[in-house]
Amino acid sequence: MILRMEGVSKAFGGLRALDAVTFEVERGTIHAVIGPNGAGKTTLFSVISGEQRPESGRILFDGQDVTARPAHLRARAGLVRTFQLTRPFPALSVLDNVTVAAGAHLRTRKEAVAAATGTIERIGLGAYLSRPAGELPAAARKQLELARALALRPKVLLLDEVLAGLTPAEREPMITLLGELRAEGMTLVLVEHVMPAVMRLADRVLVLDRGSVLAEGEPAAIARDPRVVTAYLGEDSDDALA
Ligand SMILES: Nc1ncnc2c1ncn2[C@@H]1O[C@H](COP(=O)(O)OP(=O)(O)OP(=O)(O)O)[C@@H](O)[C@H]1O
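Scope of this entry: the structure provided in the associated data block. Note that this is a predicted model, so its numbers are computed, not measured.

1. Remarks on the pairing of strand β8 (residues 187-191)
Look at any regular strand and the pattern is simple: side chains alternate between the two faces of the sheet.
Part 1 of the reasoning: Counting buried positions along β8 yields five of five residues, so the element is predominantly enclosed.
Part 2 of the reasoning: With burial as the criterion, each face of β8 is covered, one bearing T187, V189 and V191 and the other bearing L188 and L190.
Part 3 of the reasoning: Across four bridges, the pairing between strand β3 (residues 30-34) and β8 is parallel. Residue pairing across strands places I30 opposite L188, the latter belonging to β8.
Part 4 of the reasoning: Two strands pair when backbone bridges link them, and strand β7 (residues 156-160) and β8 are joined in this way by five bridges, in the parallel orientation. Residue pairing for β8: V156 is matched across the bridge by T187.

2. Details of unusual backbone geometry
Part 1 of the reasoning: In the Ramachandran plot, D62 falls in the positive-phi region, its phi being about 50° despite a non-glycine side chain.
Part 2 of the reasoning: If you trace the backbone, D62 turns up in the loop between β4 (56-61) and β5 (64-65).
Part 3 of the reasoning: By relative accessible area, which is 27% here, D62 ends up partly exposed.

3. Brief notes about the layout of surface pockets
Part 1 of the reasoning: Volume-wise, the second largest pocket comes out at about 170 Å³.
Part 2 of the reasoning: Taken together, R122, I123, A139, Q143, L166, E170, P173, M174 and L177 make up the full set of residues lining the second largest pocket.
Part 3 of the reasoning: Residue assignment for the lining of the second largest pocket shows that the elements contributing at least two residues are α4 (109-123), α5 (138-151) and α6 (168-183).
Part 4 of the reasoning: The element best represented in the lining of the second largest pocket is α6, accounting for four residues.
Part 5 of the reasoning: By residue class, the composition of the lining of the second largest pocket is six nonpolar, one polar and two charged.

4. As for the sheet that holds strand β9 (residues 204-209)
Part 1 of the reasoning: Read from one edge to the other, the open sheet built from six strands follows the order β6-β7-β8-β3-β9-β10, with strand pairing classed as mixed. Sheet topology places β6 (79-81) and β10 (212-217) at the edges, where each strand pairs with a single neighbour. Across the sheet, the mean angle from the axis of one strand to that of its neighbour is 15°, orientation sign disregarded.
Part 2 of the reasoning: Against the sheet, helix α1 (residues 41-49) touches β3, β6, β7, β8 and β9, its axis set at about 150° to β7.

Basis of the calculations
Residues numbered from 1 in each chain as written. Predicted model: local features only at pLDDT ≥ 70, side-chain atom pairs only at ≥ 80, totals over all residues. Heavy atoms only, no water. Buried < 20%, exposed > 50% of the residue type's maximum accessible area, 1.4 Å probe, protein only. Helix = DSSP H or I, 4+ residues; strand = E, 2+ residues; numbered from the N terminus. Pairing = 2+ DSSP bridges. 1 Å grid on protein atoms, 1.4 Å probe; cavity = no way out; pocket = protein on both sides within 12 Å on 5 of 7 lines; lining within 4 Å. Points joined across faces, edges and corners; volume = space filled by probe spheres on them. Nonpolar A, V, L, I, M, F, W, Y, C, P; charged D, E, K, R; others polar. Axes fitted to C-alpha atoms, helices over the stretch in contact; angles between N-to-C directions. Contact = heavy atoms within 4.5 Å.

So yeah, pure geometry; function would need other evidence.
Here you go:
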């Protein structure tokens, strides 16, 4: 087990965005987090990564209680999150954006540039190396966000809707890459609405509904779970489990 939440609750005013959420993630697996709009998925990521403090409960990462640790120290320890709305430095080139991230672990700029270049090539962004990040098309911005996260050398990577807004053709290489990262021993937690990809990739699926854990298990069992199917009724077709 590399990540564990124990009884984590987070409220906004009277609204319980997370209500005593407990779950754990095994090292080297892909864990998907799904749930209808407003279920608490983004809040869960914010609490895991340290941008928001829960009112109660504990977060354990890589053998340590990180509940009180600020976000940047969690990231430095290997608990890294990407954002739904990507946040590169728009005026900097793709290479410089990734080099800044790689520099967190490497002593010289030369080493950081070499590592960043390798990551960019691997992600399939090589053609954009010297383009300002602000000029990238949507799919390439997603790839850049992932490249920046990977340059931080995460142990656990929290990916927020990394497939949203990509065409099916653009999704395939991303799905392949995520599978490769798992094979290399990285642990991935995905908030994702693209259900076919979730079903293909995830080892386990956590289903949130109105801040609570509705179900947790292997993808095939989750897709058959009548409570899960009910929670998704009325959602748009992208959310359907079929
Ligand atoms: N900063 C905030 N202040 C007040 N309410 C918030 C805040 N952040 C989230 N909420 C509320 O908490 C609940 C859970 O929101 P959250 O964004 O975590 O859900 P989600 O599952 O990520 O939804 P979506 O799929 O639409 O992104 C929602 O009712 C939302 O309106």
